[in-house]
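# Geometric and topological summary
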Amino acid sequence: MKNTEKKISALLQSKRENLIKNFIKGKEESFLESNAMLLDDYFQESFGKSKAGMEMSVIKYPFAIVALGGYGRKEQCIYSDVDIVFLFKKKVPLEAEKLVQEIIYPLWDIGLDVGHCTRSIPESLKLAKENYETFTSLLDSRFLCGMSKLYSELNDRLKIKVIRPKTKKIIAEFTKEMKQRHARLGDSSYLLEPNIKEGKGGLRDYHNMLWASRVLYDLRTPEDFVYSGILSSDEYRNLSTALSFIFSVRNRLHYLAGRKCDQLYFEYQTALAKDMKFKKEKGQMPVERFLSRLHGEMEVIKQYSTVLFYEVGEIHQKKIKERKLKKKPKDDRIVVLRSMLNFKSSEDVFRSPILLMRIFEESARLGKPISAESRRIIKEFLYLIDTDVLRSKQMLSAFEYILLTPAPTFNVLNEMLNTGMLSKFIPEFSKIENRVQFDEYHLYPVDKHSLRTVQIIKSFSDQKIEEKNRLYGKIYKELSNNLKLLMWAGLLHDIGKGKEDERHSISGSKAVKKILKRIGYDAEAIDTVGFLVKEHLFLSKIATRRDISDEETAIFCARKIKNAERLKMLYLLSVADAMATGPKAWSEWFSSLLRDLFLKVLSILEKGELATEEAIDSIEKKKLNVKKSSENTIGKKELEFVVENMSPRYLLYTDKEDILNHVELYGKLGQKEFVWNVEQSEKEDVRTLTFCGKDHPGLFSKIAGVFTFNDLDILDAQVFTWKNNIALNILKVKPPPDKFYEDEVWTAAEKNLKAAISGELDLECELNEKIESYQLDLSPTAQRPHRVKMDNKSSSFYSIIEVFTYDYKGLLFRLTDALYKNNLDIWVAKIATKADQVVDVFYVRNVNGEKIDNDDEVQNIIISIQLVLKKISKNRQ
């Protein structure tokens, strides 16, 4: 009999392999059902030939084999579990063990994950009452073989004993589970690496729709959604298309991973796009088009499941009497039913298409969602909105109300997007719908990111805003006359990403001017929003790539922005844009840089540019104040000597208290090569290291190398050299990965630096060995080439070198070493890591203290840095 079992399972394995092969080639459209049917055939044939089954008395111990879960729904993916129950009437006999072994073991032998159990009907009902997963698996159950009457009895008793007495509680449990799952896994219709099964917008949300419908209405098949009126025919077609695509992705993901895998990791995305025949189009890579489609299909599931559960929740809550509502729609053609907005009559919409926008205005005003039926009407009647309606004052007024009204519970703009209303009002918006940027930096598709940006700006009006964000609330209030323009800029700041011909900020500015002119705004408003869109990255780039302590940087920004009102709008837009991009774009470190730059530029715009005479006067006053200080560790003459040897730049940009601390550190130097002090920042998780020591050629490169050697990352550096050949460097550094041993790391770094300076440690040799031991784990999104630029315009005193590359161990050491070998002194270093890209910026002078403005010299420096980058890339491949 064992040979028979092996033959049956071997045949199953062969058929499955052929089926999978045909699916991967695109020749099997009904893979899920076909895969389930192969298993059905196996169980039915095994049941018919089962020796153990024949030995058990079917009359005495009637049983059935029942499919559960995904297998029960005929959603059998390549590596999905095969869940079944051996169902008995009253008790499970001892002989059942042999039956299970006979049928299940051959499946294990061919590598299938089989989840099985043996239960009686009473045991199944008891577990269904107590266990959520058991209950939902039984909702999906399907008879395979054995006594069908047994299966029918289980279903009937499940309805009578479990579902009917606790319908309300079951629906509440579905809702609770869904909310917890979404909170844990996030909104997969947005995420970079979505969980296509469990996340929000994933397959589990569709399953929840099925389960709720079976509990409430006893629906058995997805087609019943249409017959019962839960979905329209068009909505059901959309849902079917979405499910077909997502299941195809899931099966191909299983195949690529070689296991059950529902998280769409970066490593699989490009391969999936290729397998599914996506091509480059309209400036989007195949993988971006694939992800755009996936996000769009997951959005369909998310929207249908959200609306269904909201309506179900309202039906089963205590009914709210409409007369008790505190607020009612201002337009009597819109009514509130079951706490949702509805059109009183579709004929009203036909007669007055402006109602299609009005209902969203009421949604924003009342904080209530739009019903499923009204959403259908909106989609079906969008064609009624012609040019005259679009350009009417009522239309613009309603949209502006939506744009400005805070939405703490849900985003009305998002509802407009999902129904097509937003793209109808602003056709250009359709070009960025579900447009994905394939990197680890942008967390959301472009359209969702834009709506989140508006939502975040609105949140600045919250009176309960956190202490550290109080500045945003203050500025928000001060912008009361210009908030409308700021919101437009927030909504449309990335509209240019729908084009591929030029930088998105430039094309976006042009598009915005056309949109606002068409809608009816005046020239001044159009110019302001156009400026904000064109320069929405300006402050962020300056903050991370320029020396913001340099007065010249702030003056440069002030001259470009021109007035304080625009600066405030640009600042809030920059903050909201970064927050909406994701956690790799927004951090305490970036926040403090942006805030400090904003305040410096604001001061100049409000008080005027500081003249050179004022700067000189400021330096002399600071010198005098420092010299008068009695609390120092060196004598008065030594103090005067030190102060007179401090560089003007250092005195101008360093606070008096910091200077005194630096003098105290200098007092500890004596005959040592260097001393340093490490402090933890109160505001962010960084360390401020103040280095005081004797200057040497290539000193900063040695420091960078030692820090790499000890797994310490430099974020920012201010390099000052006093006239008495003392280097005073102020570094912002990430703490070591294991903070428990942080003191030991700093001690080791100090020891290594002393050895490197004395020549006892061959830093380059040691680093080569250490760096070679690291595996370069380049993200699949890392597809942009290296770039090196030299800017001789932004600063009067320094040449600014910008290096765009990917994060390598030892990168900073290699770059600073290359600059040292080109006879360049580093005065400022800015290190910005954008998830999958690094931008390192260096303010440099040559050995004579001059900018590098000779074209040949500039070209040689750029080539030498490019060679370093190529060498690192080659070594890591």
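Summarised in this report is the structure supplied together with it. As the structure is a computational prediction, the values presented were derived from the model and not from experiment.

### Digging into helix α28 (residues 551-561)
- Burial of α28 is extensive: eight of the eleven residues sit out of reach of the surface.
- Among the structural elements, α26 (523-534), α27 (538-545), α29 (564-581), α30 (588-607), α33 (648-653) and β14 (837-846) are those in contact with the buried residues of α28.
- Looking one or two residues beyond α28, the residue adopting positive phi is Lys-562, at roughly 80°.

### Description of a negative patch on the surface
- There is a patch of like negative charges on the surface, built from Glu-850, Asp-853, Asp-855, Asp-856 and Glu-857.
- Structurally, Glu-857 can be placed in helix α39 (residues 855-876).
- Relative accessible area serves as the criterion here: at 32%, Glu-857 is assigned to the partly exposed category.

### A look at the pattern of salt bridges
- Throughout the structure, instances matching the rule amount to 48 salt bridges.
- Among the salt bridges present, the one from Asp-218 reaches Lys-159, with a minimum N-O distance of 3.5 Å. With Asp-218 in the loop between α10 (203-217) and α11 (224-227) and Lys-159 in helix α8 (residues 148-163), the pair connects residues that are 59 residues apart, well separated along the chain.
- The partly exposed category is assigned to Asp-218, whose relative accessible area is 39%.
- Here Lys-159 falls in the partly exposed class, since its relative accessible area comes to 27%.
- For Glu-415, the salt bridge goes to Arg-375, with nearest N and O atoms at 2.6 Å. Residue Glu-415 is located in helix α20 (residues 412-419), and its partner Arg-375 is located in helix α17 (residues 372-381); the two are separated by 40 residues in the primary sequence.
- Through salt bridges with shared partners, a single ionic network connects Glu-177, Arg-181, Glu-198, Arg-204 and Asp-205.

### A word on unusual backbone geometry
- At Asp-218, a residue that is not glycine, the phi angle is positive and equals roughly 60°.
- With a phi angle near 65°, Asn-725 is a residue other than glycine that sits in the positive phi range.
- Position of Asn-725 relative to the elements: it lies in the loop between β9 (714-721) and β10 (726-733).
- Asn-725 gets classed as partly exposed once you look at its relative accessible area, which sits at 42%.

### Quick look at the environment of Ile-800
- Secondary-structure assignment places Ile-800 in strand β12 (residues 799-805).
- The class of Ile-800 is buried, set by a relative accessible area of 0%.
- Residues Ile-800 and Leu-216 lie 584 residues apart in sequence; the distance between their C-alpha atoms is 67 Å.
- Leaving out residues up to four positions away in the same chain, Ile-800 has contacts with Arg-546, Lys-789, Met-790, Asp-791, Ser-794, Ser-795, Val-841, Phe-842 and Tyr-843.

### Quick look at the sheet that holds strand β2 (residues 82-88)
- Spatially, the four strands line up as an open sheet ordered β3-β2-β1-β4, and their pairing is mixed. The open sheet is flanked by β3 (114-120) and β4 (142-146), the only strands paired with a single partner. Adjacent strand axes in the sheet meet at a mean angle of 25°, parallel and antiparallel pairs treated alike.
- Pairing analysis gives four bridges linking strand β1 (residues 63-67) to β4, with the strands arranged antiparallel.

### Focus: the nonpolar core
- Phe-399, Ile-426, Phe-429, Trp-488 and Leu-491 are the most contacted members of the largest nonpolar core, which has 100 residues in total.
- With ten residues, the single largest contributor to this core is α29.
- With residues up to four places along the chain from it excluded, the contact list for Leu-491 reads Phe-399, Leu-403, Leu-413, Ile-426, Phe-429, Ser-450, Leu-451 and Val-454.
- One finds Tyr-61, Phe-86, Ile-103 and Cys-145 within the second-largest nonpolar core, a separate group that totals 98 residues.

### Focus on the packing of aromatic side chains
- Per the stated rule, a full pass over the model turns up 34 aromatic pairs.
- On the numbers, 5.0 Å between centres and 85° between planes, the contact of Phe-740 with Tyr-741 is edge-to-face.
- For Phe-740, a relative accessible area of 67% gives the class exposed.
- When its relative accessible area of 44% is taken as the criterion, Tyr-741 is described as partly exposed.
- Every member of this aromatic cluster is reached through a ring pair, and the members are Phe-674, Trp-676, Phe-691, Phe-707 and Trp-746.

### Quick look at the environment of Gly-530
- Topologically, Gly-530 is positioned in helix α26.
- As for Gly-530 and Pro-329, which are separated by 201 residues in sequence, their C-alpha atoms are 35 Å apart.
- Discounting residues that sit within four places of it in the chain, Gly-530 has contacts with Ser-509, Val-512 and Lys-513.

Each value, and the rule that gives it
Residues numbered from 1 in each chain as written. Predicted model: local features only at pLDDT ≥ 70, side-chain atom pairs only at ≥ 80, totals over all residues. Heavy atoms only, no water. Buried < 20%, exposed > 50% of the residue type's maximum accessible area, 1.4 Å probe, protein only. Helix = DSSP H or I, 4+ residues; strand = E, 2+ residues; numbered from the N terminus. Contact = heavy atoms within 4.5 Å. Patch = residues over 30% accessible without salt bridge, like charges linked within 9 Å, V, L, I, M, F, W, Y side chains within 5 Å. Areas by Shrake-Rupley, 256 points an atom, 1.4 Å probe, with all protein chains shown as cover. Salt bridge = Lys/Arg side-chain N within 4 Å of Asp/Glu carboxyl O. Lys, Arg positive; Asp, Glu negative; His and termini not counted. Charge placed at Lys NZ, Arg CZ, Asp CG, Glu CD. Pairing = 2+ DSSP bridges. Axes fitted to C-alpha atoms, helices over the stretch in contact; angles between N-to-C directions. Core = buried A, V, L, I, M, F, W, Y, C linked by side-chain atoms within 4.5 Å. Phe/Tyr/Trp six-rings, centres within 6.5 Å; stacked < 30°, edge-to-face > 60°.

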